[in-house]
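Summary of the model geometry
Take a look at the letters that make up each chain.
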Amino acid sequence: MNTRGLLDQLLKSGQGMLQNKAGGQRKSEDKGALGGLLGSGGLGSLLGGAGGGALAAGAMGLLLGNKKARNFGGKALTYGGLAALGVIAYKAYGNWQAQQANAPQGEPQTLDRLPPAQVEQHSQAILKALVAAAKADGHVDERERALIEGEFTKLDNDQELQHWLHAELNKPLDPADVARAASTPEMAAEMYIASVMLVDEESFMEKSYLDELARQLKLEPGLKVELEKQVRQALV
């Protein structure tokens, strides 16, 4: 599967759309995962644009839900697409290592520093985390799943990827299942960063999911705190 290409396009294209939504449509935040995006000037106009960028923005918007749009923006994606997650993880790891005498030393192998084959593996794990985080508020129903799948189909006709996405969207929310996708500590950190960016920590359900995900990912408490700190700084 070309998860890397799809995820990179989603993050890059979704950035501008979500920044616009965060700035101009916060009043739609309480309408549920699809509120505001399906109305006038929402998803329809986004998908009416030319090229894959509009499609990616629409798919990203459906996946994240408008209420989460406020969390995107600032410097979070200054580096562009996937690289942003790697840069944030790398900085957090470096700070954590400097604070802990017994922390593993050596340069963190985050996705911005890996060969293509390993980046693909990291990308699939991150997309899995994003899909799960989108479901953490309990608001992605059958209709919304069908809409999300439809937008991804327009964006990428990779049948294997479509089947994988369908399975992920229809799975019960299970932090342990998500965490099993992390085969390295750096991958776990990147998955957690992506989840923190999406989850509304003011929501009890979503905060509980995030706490359990961190536990299942076996993140050291100090590293968990540093990852959250770096995300907050990136979203300023």
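How each quantity is defined
Residues numbered from 1 in each chain as written. Predicted model: local features only at pLDDT ≥ 70, side-chain atom pairs only at ≥ 80, totals over all residues. Heavy atoms only, no water. Phe/Tyr/Trp six-rings, centres within 6.5 Å; stacked < 30°, edge-to-face > 60°. Helix = DSSP H or I, 4+ residues; strand = E, 2+ residues; numbered from the N terminus. Buried < 20%, exposed > 50% of the residue type's maximum accessible area, 1.4 Å probe, protein only. Polar contact = N/O pair within 3.5 Å; in protein donor to acceptor, adjacent residues only side chain to side chain. Contact = heavy atoms within 4.5 Å. Axes fitted to C-alpha atoms, helices over the stretch in contact; angles between N-to-C directions. Left-handed = near helix turned anticlockwise from the far one by under 90°. Nonpolar A, V, L, I, M, F, W, Y, C, P; charged D, E, K, R; others polar. Core = buried A, V, L, I, M, F, W, Y, C linked by side-chain atoms within 4.5 Å. Domains from an automatic or database assignment. pLDDT = per-residue confidence, 0-100. Parallel < 35°, antiparallel > 145°, perpendicular 65-115°, else oblique.

As annotated in an unreviewed UniProt entry, the protein chain is DUF533 domain-containing protein from Pseudomonas karstica.

What describes a pair of aromatic rings is the distance from one ring centre to the other and the angle between the planes of the rings. Applying the stated rule across the entire model yields one aromatic pair. Taking 5.9 Å as the distance between ring centres and 85° as the angle between the ring planes, the aromatic pair formed by Tyr93 and Trp96 counts as edge-to-face. With a gap of three residues between them, Tyr93 and Trp96 both fall in helix α4 (residues 82-99), about one helical turn apart. A relative accessible area of 6% means that Tyr93 is categorised as buried. The exposure class of Trp96 is buried, given its relative accessible area of 8%.

Let us look at the side chain of Asp177. Here Asp177 is to be found in helix α8 (residues 175-179). Within the structure, the side chain of Asp177 is placed 3.1 Å from the side chain of Lys128, a separation counted as a polar contact. Every residue in contact with Asp177, bar those within four places of it in the chain, is listed here: Lys128 and Lys171.

Quick look at the packing of helix α5 (residues 116-135) against helix α7 (residues 159-170) now. Two elements in contact, α5 and α7, have axes whose closest approach is 9 Å; the angle formed by their N-to-C orientations is 35°. Here α5 runs over α7; the crossing is right-handed. Counting all contacts with α5, which are made through Gln124, Leu127, Lys128, Val131 and Lys135, the residues of α7 involved are Trp164, Leu165, Glu168 and Leu169. A per-class count over the contact of α5 with α7 returns five nonpolar, one polar and three charged.

By size, the foremost hydrophobic cluster in this structure holds 53 residues, and its most contacted members are Ile126 and Tyr192. Considering each element in turn, this core owes the most residues, ten residues, to helix α9 (residues 185-198). Domain assignment of the residues forming this core places at least three in each of domain 1 (80-100 + 107-137 + 175-235) and domain 2 (139-172).

All right, on to unusual backbone geometry then. With a phi close to 60°, Lys218 is a non-glycine residue in the positive phi region. Mapping Lys218 onto the fold places it in the loop between α10 (204-216) and α11 (221-234).

If pLDDT is low for a region, its predicted coordinates should not be looked at in detail. Taken over all residues, the pLDDT of the protein chain has a mean of 74, while the share at 70 or more is 68%. The secondary structure element of the protein chain with the lowest average pLDDT is helix α2 (residues 43-47), at 30, and the one with the highest is α8, at 97. Confidence drops under pLDDT 50 across residues 21-52; counting only partners more than four residues distant or on other chains, this segment forms 55 contacts. Confidence drops under pLDDT 50 across residues 66-79; counting only partners more than four residues distant or on other chains, this segment forms 56 contacts.

Turning to the environment of Ala132, a few remarks are in order. With respect to the helices and strands, Ala132 occurs in helix α5. According to the relative accessible area criterion, Ala132 is buried, its value standing at 4%. Spatially, the C-alpha atom of Ala132 lies 6.4 Å from that of Leu173, the residues being 41 residues apart in sequence. Aside from chain neighbours lying at most four places away, what touches Ala132 is Leu173, Val178 and Tyr209.

Time to look at the packing of α5 against α9. The N-to-C vectors of α5 and α9 enclose an angle of 30°; their axes lie 9 Å apart at closest approach. By the angle between their axes, α5 is roughly parallel relative to α9. Here the hand of the crossing between α5 and α9 comes out right-handed. Note on element contacts: α9 touches α5 through Met187, Glu190, Met191, Ala194, Ser195 and Leu198, opposite Gln121, His122, Ala125, Ile126, Ala129, Leu130, Ala133 and Ala134. Its residues assigned to classes, the contact of α5 with α9 comprises ten nonpolar, three polar and one charged.

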